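Residue-level listing of the chains:
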Amino acid sequence: MTWGVTKAAAVLLGLAALGFGGWSFATGWHPPADQYPLQGIDLGRNPPPVEWGTVRARGADFAYVVATVGAKVRDPQFERNWASLPDAGLRRGAVHLYSLCQLASDQANAFNTFVPRTKDALPAAVAVEFSDDCTARPERSVLIGEVARFIAMVETHTRKPVLLRVSKSVENEYRLSASINRPVWAMANVFPPAYAAHPWRMWRASDFRRVDGIEGPVNWDVVAP
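Small disclaimer: the values here were computed from a predicted structure and weren't measured. Once a new chain begins, its residue numbering starts again from 1 and follows that chain's sequence as written. Selection of residues for local features in this predicted model requires a pLDDT of at least 70, selection of side-chain atom pairs for listing and counting requires 80 or more, and totals for whole chains, interfaces and linings are taken over all residues. Computation of side-chain values: all heavy atoms of the structure, hydrogens and water removed.

Quick look at the nonpolar core now. Buried residues of nine kinds, namely Ala, Val, Leu, Ile, Met, Phe, Trp, Tyr and Cys, make up a nonpolar core once their side-chain atoms join them within 4.5 Å. Exposure classes here rest on a 1.4 Å probe applied to the protein chains alone. A residue is buried below 20% of its type maximum, exposed above 50%, and partly exposed in between. Trp52, Tyr98, Val128 and Leu176 are the most contacted members of the largest nonpolar core, which has 56 residues in total. Per element, the largest residue contribution to this core is six residues, and it comes from helix 5 (residues 140-158). Excluding anything up to four places from it in sequence, Tyr98 contacts Ala104, Gln107, Val126, Ala127, Val128, Leu143, Glu146, Val147 and Phe150. The way it works is that DSSP assigns letters per residue, a run of H or I at least four long becomes a helix, a run of E at least two long becomes a strand, and they are numbered from the N terminus. Contact definition: two residues touch when any of their heavy atoms are within 4.5 Å.

Side chains Leu163 and Arg165 project from strand 6 (residues 163-166) onto one buried face, and the interleaved Leu164 and Val166 project onto a second face that is buried too. In terms of strand pairing, strand 5 (residues 125-128) meets strand 6 through four bridges, oriented parallel. Of the residues in strand 6, the one forming a bridge with Val126 is Leu164. Bridge analysis of strand 6 against strand 7 (residues 184-187) gives two bridges, and the strand direction is parallel. If you follow Arg165 over to strand 7, its bridge partner there is Trp185. Paired strands, as defined in this entry, are two strands with at least two bridges between them according to DSSP.

In this section: the state of the cysteines. Criterion for a disulfide: a pair of cysteine sulfur atoms at a distance within 2.5 Å. This structure, assessed with the given rule, holds one disulfide. Sulfur-sulfur distance for the disulfide between Cys101 and Cys134 comes to 2.0 Å. The chirality of the disulfide connecting Cys101 with Cys134 is right-handed, given an S-S dihedral of about 100°. A residue pair is termed long-range when its members are at least 10 positions apart, and Cys101 in the loop between strand 4 (91-97) and helix 4 (104-114) and Cys134 in the loop between strand 5 and helix 5 qualify at 33 residues. A relative accessible area of 43% places Cys101 in the partly exposed class.

Interpretation in functional terms is not warranted from these geometric data alone.
Structural data, given as structure tokens:
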């Protein structure tokens, strides 16, 4: 009886160790640096405080941070993070979370008013994804025209081409990348994505990686070589 209990306990401990080892590997995984030399993170809305020097020491070369959402929301953490990134040795880029429920011109004005034009900044990114707070599904031609208008206005402000970050679900329904000729930022955990009309320029390879200096999982990205 005692031997059976001991054996069962050993098996459970072994399974727990395997599970912990697998989780540790998964949360520490990133695409190989020799294949993708430039790697970094992107933060979601209203992120927790970040120790940027520690993030840099853990291998990040750049960081993209959300600046605006739709036409009316400014991320409260943007200005602090934007100012801190250069001091930590990280390149910085701003992200706009596009709303299908608001006019592109209003959204572009909101972004251009809030995000300063700086020579050291990476190209701005517009993220087009379905969201729970907007149920609108415009016609394809309308959305293409609106996103193109947003890009044109932001590029006039930043004087750099905008990155098009498009989710797989939006791309499947609207085929944005087929009509908007801008560098694509695609998203897929672990396996390189191929859902856009042309090869991605940046890939969010993991949304579950853990990095010292940030509480919780982070989005880890790589740039195409």
